[in-house]
Amino acid sequence: MKHIIDLAAVTKACGILLPVIFLSAALIPNLQAGANDARIKVVSSAPDRVSGGDARIEIRTLGNAFNQNTSSITVEVNGVDQSHKFKALDKSTLSGVVDNLDLGPNTITFYESRSMGKKRPPALIRSGSIEVVNYPVTGPIFSGEHQKAFVCTVQNHGLGQPIPDADEGWPVRDELNAVIGRSLGCQVEPLVVYMYRTTTGGWADFTPGDEPLDLAMTTTLDGKEVPYIVRWERGSINRFIYSIAMLDSNPAPDGAPRADDWNGRLLYHFQGGVAIGHTQGSPSTSRMLYDNALKLGYGVIYSTGTKTGTHYDLELGGETALMTKERFVEQYGVPFYTVSVGGSGGGIQQYIYGQNYGTRLIDAAIAQYSYPDMVTQTIHIGDCEPLEFYMDAVNPAGWTTWSNRSWLIGLNASDDIPNPFTGGLGTDECVESWRGLSPLVLNPNYGYESGIETITPISDVLSVQWTHWEDAVNIYGRDANGFGRSTWDNVGVQYGLQSMVEGKISPEEFLVLNAFIGGWADQSVMMQETCPFFPSPGCFNGTSVPDEWDPWSVRNMILSDGFTPAPRTEGSIEAMNAAYEKGHVFVGNIDIPVIDWRNYLEQELDMHNTHQSFASRQRMRNYDGDDSNQIIWFTDARGVSGRFDQTPEALAVMDEWMKNIRQHPNRSVAKNKPALAVDRCFDSFGDAIASGDDVWNGILDDRPEGACTQAFPLYSTSRIVAGGPIEGGIFKCALQSVDAALAKGVYGAWQPTPEQYFMLQAIFPQGVCDYSLPDVGKP
């Protein structure tokens, strides 16, 4: 690009007065623009959240950007010319990636000049600038201090040893496995390789210039048929392993990114799981090389930092997602839109990030097997083991029919499925899907990450608290004993209330149950888990010492001594407030298109219970009365060996939806829905059973059940059985006296005897939950 002439030097040499050359600011509005001028913007990130020393910039021009003879642009970064990095994006826009940014504040300035003829120097017609703040590619930006005792894993995934950057941290080794340094950032140089899709549906290494006989062809959304070759870049961003994959049928000799086969759309693949951090994580190849999207020409990005099987700090995850997308935009430009997919924790991330960052990160979400968020799932899942222990040990004769356990836990239960812990028939979702997660989330002693023992200083390793509260301590803060604050609270919760009112359990059992169940012990006094979760004598040969067999984690519960009711557990109000304030709770504030899809798996007692889709919908209604941007799809999986994947259809519907939004930006998201963007349910072959606005009637309203509601029964949770709302999310209920609850008819037809009334008062000295009032934990 032709650079602007140094006007000061010209005028000095030629004796021309500056007012002759510079057009008057009075004649040209906004000649000198202030900081963060709207005509120059960072499009790869927020200007105050740039990372890695580079940023994609767009500049709106007055002249024709394709014709440099009419006007020219100079771009300076901290006074250094980087104009040559820019090219015309369209007639009025220049785009380029500036680099060599200093850590901290930087100033990016542009000057636009216009030709004044062959014999006169160009005249400056306007200028503008923007301030950007640059952070290291290793982070953090806004998520808070990084975890200590952090295990690097890049060396396990073909990316080489991390770059030494410190005297402490993860050991960096040479070819002979000798330690040659330490790394805190787990950073590696980006690795670019090429892969091709085989005609048999697999992936194979591709060497540019080769013509493999089994190279498959693919047709993009634009109708372009090309060899199915993918440029695959991996490296480390924010200490996690990232991946950028793009269809590239004609690789550049130097491996540089090419957008010739890109359909202009970007897909972010989030991933689920449950973990406590302290590791770089293990990436999923099927998600990094997501065939459903790559074959159509989508760019696909992924990070182990947005895999909840690596950690569950969703502020750190959101930061990592923004940084990963930033790198993609720097390489390929701004996508038409970004759509996300991902199941379980990957679905949670879409709701949370769609709420917290909106279209800065994702423009559309396909949330699979979702929950509204993670932290409010701990509320009722934390009830599982105390309730199971009551049914197993206190009143086993009353609960031998396993399907009846839904009367307390709310979740599905079966009399016919083998139980891995009893060896007989009969089990439930708490046992099949959630057992072991209570200690993982709650017990600071229970946890381990392979390789962590090699980190220095050893004091960092020994100080690790293996809880969710510590994993996200930058959100929750610490208590007086130095532990991550916990949100879990059950003060006033009347377990089994609804079942007692409906006559499924007796008032006597209702009272005994609530007197027996206290809660979870404080972290400061929790003990290490034993069999079957932690090695102990006989644990692996079926001859464990009876006192060590503890699948319920009873050793860390507060239970009745048989004489007085057990006290309940008080959660931290500060932690609850922080969860809301930091965006860890989905409150329903989401405006992007959402397709919430899942296979129906209740018959498997799968943890992805189906009422969660409607919990998210109700939270959206609670927030602003509008859930029209969310549609819910279920696909049956009963009676078949495989699970039909409705995601490709969801991608196609979402593409139509996004096209409509681009064509009609003044319409609401709901007004831009295509015909198939409606609530639907499908059979096990993916064929529609019913569709329309009424198919889920009877779940969130009192109308007759819709066709899908009838076809796919829903279950609930222990807190719903206790009188709570379907959307869950009540960390700490407001309390009312037992007398007030009796006056309101909370107990239905039951009129306690004097002895029963006295027992109710003893069990609930602070009162019982009043779920008609808001969450006490909400600021």
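The rules we used
- Residues numbered from 1 in each chain as written.
- Predicted model: local features only at pLDDT ≥ 70, side-chain atom pairs only at ≥ 80, totals over all residues.
- Heavy atoms only, no water.
- Helix = DSSP H or I, 4+ residues; strand = E, 2+ residues; numbered from the N terminus.
- Rg over C-alpha atoms; globule rule 2.2 N^0.38 Å.
- Contact = heavy atoms within 4.5 Å.
- Lys, Arg positive; Asp, Glu negative; His and termini not counted.
- Charge placed at Lys NZ, Arg CZ, Asp CG, Glu CD.
- Pairing = 2+ DSSP bridges.
- Axes fitted to C-alpha atoms, helices over the stretch in contact; angles between N-to-C directions.
- Core = buried A, V, L, I, M, F, W, Y, C linked by side-chain atoms within 4.5 Å.
- Buried < 20%, exposed > 50% of the residue type's maximum accessible area, 1.4 Å probe, protein only.
- Phe/Tyr/Trp six-rings, centres within 6.5 Å; stacked < 30°, edge-to-face > 60°.
- Lys NZ or Arg CZ within 6 Å of the ring centre and 35° of its normal.

Caption draft 1: Fine view of the overall build of the protein chain. From N to C terminus, the protein chain includes 23 helices and 31 strands. Taken against the 2.2 N^0.38 rule, which gives 28 Å for 779 residues, the C-alpha radius of gyration of the protein chain at 30 Å falls within 12% of a compact globule. Taking the principal axes of the C-alpha coordinates as reference, the protein chain spans close to 105 × 65 × 60 Å. For the protein chain, the share of sequence-separated contacts (at least 6 apart) that also reach a separation of at least 24 residues comes to 70%. Distance from the positive charge centre (56 side chains) to the negative charge centre (92 side chains) of the protein chain: 11 Å.

Caption draft 2: Structural view of the sheet that holds strand 17 (residues 240-247). Taken in spatial order, the 12 strands of this open sheet run 13-12-16-17-19-18-20-21-26-27-28-29, and their pairing is mixed. Single-partner strands in this sheet number two, and they are strand 13 (203-206) and strand 29 (688-691). Direction aside, the axes of adjacent strands within the sheet are offset by 20° on average. Here four bridges tie strand 17 to strand 19 (residues 299-303), and the two strands are oriented antiparallel to one another. When the bridges of strand 19 are listed, Ser243 appears paired with Tyr302. Against the sheet, helix 5 (residues 314-332) makes contact with strand 16 (229-237), strand 17, strand 18 (265-269), strand 19 and strand 20 (337-343), and its axis sits at roughly 35° relative to strand 17, the strand it touches most.

Caption draft 3: Fine view of the nonpolar core. If you look at the biggest cluster of nonpolar residues, it comprises 110 residues, and the most contacted ones within it are Phe328, Ile452, Tyr476, Phe510, Phe731, Tyr747 and Leu760. In terms of residues, this core owes the most to one element, helix 5, which gives eight residues. When residues no more than four places from it in sequence are discounted, the contact partners of Leu760 are Gln494, Phe510, Leu511, Val738, Tyr747, Trp750 and Pro752. Counting 37 residues, the second-largest nonpolar core is a separate cluster that includes Met195, Leu294, Tyr369 and Met658.

Caption draft 4: Structural view of the pairing of strand 11 (residues 179-183). By the bridge criterion, four bridges tie strand 10 (residues 170-173) to strand 11 in an arrangement that is antiparallel. Residue pairing in the sheet places Val172 in a bridge with Gly181 of strand 11. Hairpin remark: strand 10 followed by strand 11, antiparallel, with five residues in the connecting loop; positive phi at Asn177, about 70°.

Caption draft 5: Expanded view of the packing of aromatic side chains. Under the criterion given, the structure shown has 32 aromatic pairs. Relative to Phe516, the ring of Phe389 has its centre 6.1 Å away and its plane inclined at 25°; by these criteria the two rings are stacked. In this pair, Phe389 sits in helix 8 (residues 384-394) while Phe516 sits in helix 16 (residues 507-516), placing the two residues 127 residues apart along the sequence. Phe516 matches Phe389 in its accessibility class, with the two residues each being buried. Consider the rings of Tyr600 and Phe634, whose centres lie 6.5 Å apart with planes at 35°: the pair is tilted. Taken together, the positions of Tyr600 in strand 26 (residues 594-600) and Phe634 in strand 27 (residues 630-636) put the pair 34 residues apart, joining distant regions of the chain. The pair formed by Tyr600 and Phe634 is uniform in burial state, with each residue classed as buried. Here the aromatic residues Phe142, Tyr268, Phe270, Tyr353 and Tyr357 are joined through ring pairs into a cluster of three or more. Note that Arg49 overlies the ring of Phe142, its terminal NZ or CZ placed 4.0 Å from the centroid. Between Arg435 and the ring centre of Phe421, over which it is positioned, the NZ or CZ distance is 4.7 Å.

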